[in-house]
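# Observations on the model geometry
Here are the chains, one letter per residue:
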Amino acid sequence: MRCITLAALASVWSSMALAHFPFVECHQSTVDIVCQGGFSDGSGVAGVTIDLISYDEEIIASKAFDEQSNVHFKPYDGEFYILMDAGPGHTIEVEWHEIK
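Here goes a summary of the coordinates provided. Residues take numbers from 1 onward in each chain, read along the sequence in its written order. Owing to the predicted nature of the model, reporting of local features is limited to residues with pLDDT of at least 70; listing and counting of side-chain atom pairs is limited to 80 or more, with chain, interface and lining totals taken over all residues. Heavy atoms throughout the structure, all of them, feed into the side-chain values; hydrogens and water do not.

### Focus on the sheet that holds strand S2 (residues 33-39)
For clarity, the threshold we go by: By this definition, two strands are paired if DSSP reports at least two bridges between them. In this description a helix means any DSSP run of H or I spanning at least four residues, a strand means any run of E spanning at least two, and both kinds are numbered starting from the N terminus. Here an axis means a line fitted to C-alpha atoms, over the contact stretch when the element is a helix, while the angle between two N-to-C directions is reported on a 0 to 180 degree scale.
With respect to topology, three strands assemble into an open sheet ordered S1-S2-S5, the strand pairing being antiparallel. Taken across any chain shown, the strands that pair with only one partner, and hence form the sheet edges, are strand S1 (22-28) and strand S5 (70-73). Ignoring strand direction, the axes of neighbouring strands in this sheet form an average angle of 20°. Direction of pairing for S1 relative to S2: antiparallel, over a ladder of seven bridges. What sits directly across from His27, in S2, is Val34.

Okay, here's the thing in structure tokens:
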């Protein structure tokens, strides 16, 4: 029984070590909202779609990250959030009030 428990724990720990998590950081530049994305393993998100969405669920802008994993949005006057969906378990939302 002890060997089975140890084997189960080892498989959980090894799968956690292989996991990578997405991130998106956004800030307000002098002109645009700039977001940079990536994964915790250091890989980029070039080509992944990211949306600026109003609280009325209207997509204001939809863009793809560039080769440097950056994207620029024009400022939006209302309340909004930014959504990156890179697949199951890889969804990130950034609320308007979190953007400095």
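### As for the state of the cysteines
Going by this rule: When the sulfur atoms of two cysteines come within 2.5 Å, that pair is taken as a disulfide. Three exposure classes are used, based on accessible area relative to the maximum for each residue type with a 1.4 Å probe and protein chains only: buried under 20%, partly exposed in between, and exposed over 50%.
Throughout the structure, instances matching the rule amount to one disulfide. Two residues, Cys26 and Cys35, share a disulfide whose sulfurs are 2.1 Å apart. One disulfide, between Cys26 and Cys35, carries an S-S torsion of 105° and so falls in the right-handed class. Residue class for Cys26 comes out buried when judged on its relative accessible area of 13%.

Purely geometric numbers; function is a separate question.
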